[in-house]
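# A look at the structure
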Amino acid sequence: MSGAKWRYDKRDIARVKCSAHGMKPEELEKYSRQILFERIGQTGQERLLNASAMLVGCGALGTSFANLLVRAGIGRLRIIDRDFVEPSNLQRQTLFDEADAREALPKAVAAERHLRAINSGVQVEGITSDLTPKNATELLSGFDLILDGTDNFETRLLINDAAISLGVAWIYAAVVGSYGVTMTILPGETACLACLLESGEDSGARGELLGGDATCDTVGVLQAAVGAISSVQAMEAIKLLAGKPEALNRRLVSCDVWSGKFQSISVERNTHCRACVRRNLIYLNGESQPHITMCGRDSVQIHERGRKLDLAELGNRLNGASRDVRYNDFLLRFRVAPYELTVFADGRAIIKGTKDPAVARSLYARYIGS
Ligand SMILES: [Zn+2]
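Notes on the structure follow.

Cut-offs used in this document
Residues numbered from 1 in each chain as written. Predicted model: local features only at pLDDT ≥ 70, side-chain atom pairs only at ≥ 80, totals over all residues. Heavy atoms only, no water. Helix = DSSP H or I, 4+ residues; strand = E, 2+ residues; numbered from the N terminus. Buried < 20%, exposed > 50% of the residue type's maximum accessible area, 1.4 Å probe, protein only. Lys, Arg positive; Asp, Glu negative; His and termini not counted. Salt bridge = Lys/Arg side-chain N within 4 Å of Asp/Glu carboxyl O. Contact = heavy atoms within 4.5 Å. Phe/Tyr/Trp six-rings, centres within 6.5 Å; stacked < 30°, edge-to-face > 60°. Lys NZ or Arg CZ within 6 Å of the ring centre and 35° of its normal. Expected span 1.5 Å × (residues − 1). Donors = N, O, S within 2.8 Å, 3.2 Å for Na, K, Ca; no water. Tetrahedral: all angles 85-135°; square planar, octahedral: opposite > 155°, others 65-115°. Pairing = 2+ DSSP bridges.

### Brief notes about the side chain of Lys107
By secondary structure assignment, the location of Lys107 is in helix H7 (residues 107-118). Despite being buried, Lys107 has no salt bridge partner; Asp83 is the closest side chain of opposite charge, sitting 4.1 Å away. Dropping the residues within four chain positions of it, Lys107 is found in contact with Cys58, Gly59, Asp81, Asp83, Phe84, Val85, Asn89, Gln93 and Phe96.

Structural data, given as structure tokens:
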């Protein structure tokens, strides 16, 4: 196959040139303990300071490795997340605090604020949106690496397709209960997520990887598992961005922090892979992208509407229908018992209190508009 080229290599020369002036004294001081680790050293640190990554999803895994990468001195980090901070997030989503949950800040906004306070030398950009086939290429373009902080395979397979199309490395990661798994994917070089999940004889792989239908909303999730997997993932990212691709583990790493069992297995490329061999990128082409998706808990997301909403105007209009309308610059939330609707400025809404798309759609039409 004429696999996609892994973009990092092409940029090496440009990057060495742009770091020719070396680091500022305060950077040498800030990153001194990492520079002392000789396999990174000053050259690796300079490369990291000139590198960029795109993080999709800023929940438990996302906050954890965004923290690690920003402290390590990545040059630029873009974060996209569709959700807002809630009190039940704080046990494991380590960038957020009680004030973020009280204000119901979008996770991308809260993460950007906290990360800038942690390291003002890093360019951090938070985007409140859902990654869809329509916006994936635009949002993911121009980065050296894509990081998976999502909570569903639909979005991961979309990232996988987009990474193959763009020829950019990405790192898959998932955690549920006390168990987590991660794998670094270099399009055209290593197995991709479709090689892992879609090969014929092993159609159960997706279920086995995460314990059948278990999700964080049904069996819970431990922060310790998140910490272990995000550390492996962040280390892979740092090796790649610091110009040490030979040090990547290139294996599927899993661990169970409750039993203390750690495993690492090699994954072969599927020579007939739909995605990385045949380049049939069905998730990116969005042939079957639903406008309504389940998004964990007891909730449904509607994202079919393309035009922007005037949240203040909607708030005034809703004051008669609900006595509990609250909004900030980014979202508006109101209750119509037993439901709670959260509406974003891009027209997207998360309806809590139902798993029935028809109920969600009718609430949306009635209170927000069709
Ligand atoms: Zn593949």
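From this point, the discussion proceeds with the structure in view.
### Structural notes on the packing of aromatic side chains
What the rule picks out here adds up to four aromatic pairs. Members of the aromatic cluster, connected to one another through ring pairs, are Phe153, Trp170 and Tyr172. If you follow Arg156 out to its NZ or CZ, it ends over the ring of Phe153, 5.0 Å from the centre. Between Arg348 and the ring centre of Phe344, over which it is positioned, the NZ or CZ distance is 4.1 Å.

### What about helix H5 (residues 60-72)?
In an α-helix, one turn spans 3.6 residues, which is why side chains three or four residues apart end up on the same side. The end-to-end C-alpha distance of H5 is 19 Å, a good match for the 18 Å that 13 residues give at a rise of 1.5 Å each. By the criterion of burial, H5 is predominantly enclosed, with eleven of the 13 residues buried. Taken together, the buried positions of H5 are Ala60, Leu61, Gly62, Thr63, Ser64, Phe65, Ala66, Asn67, Leu69, Val70 and Ala72.

### Quick word on the coordination of the zinc ion
Listed as protein donors to the zinc ion are Cys192 (SG), Cys195 (SG), Cys273 (SG) and Cys276 (SG); their distances from the metal cover 2.3 Å. Considering all four donor atoms around the zinc ion, angles at the metal cover 101 to 119 degrees and the coordination shape is tetrahedral. Spacing between the donor residues of the zinc ion along their common chain follows C-x2-C-x77-C-x2-C. Taken together, the residues Cys192 in the loop between strand S6 (179-185) and helix H10 (193-197) and Cys273 in the loop between strand S8 (261-265) and helix H14 (282-285) connect sequence positions 81 residues apart. Cys273 shares its class with Cys192; the two are buried.

### With respect to the pairing of strand S10 (residues 299-302)
Of the two faces of S10, both are covered, the one formed by Ser299 and Gln301 as well as the one formed by Val300 and Ile302. Here four bridges tie S10 to strand S14 (residues 349-352), and the two strands are oriented antiparallel to one another. Each bridged residue has a counterpart across the sheet, and for Val300 the counterpart in S14 is Ile351.

### A look at the pattern of salt bridges
In the structure shown here, the tally under the stated rule is 14 salt bridges. Here Arg82 ties to Asp130 by a salt bridge, and the two come within 3.3 Å at their closest N and O atoms. You can see Arg82 sitting in the loop between strand S2 (76-81) and helix H6 (98-102) and its partner Asp130 sitting in the loop between strand S3 (123-128) and helix H8 (133-140), a full 48 residues away along the chain. Asp130 carries the same exposure label as Arg82, and that label is buried. Counted as one network, the salt bridges with shared partners bring together Asp324, Arg333, Arg335 and Glu340.

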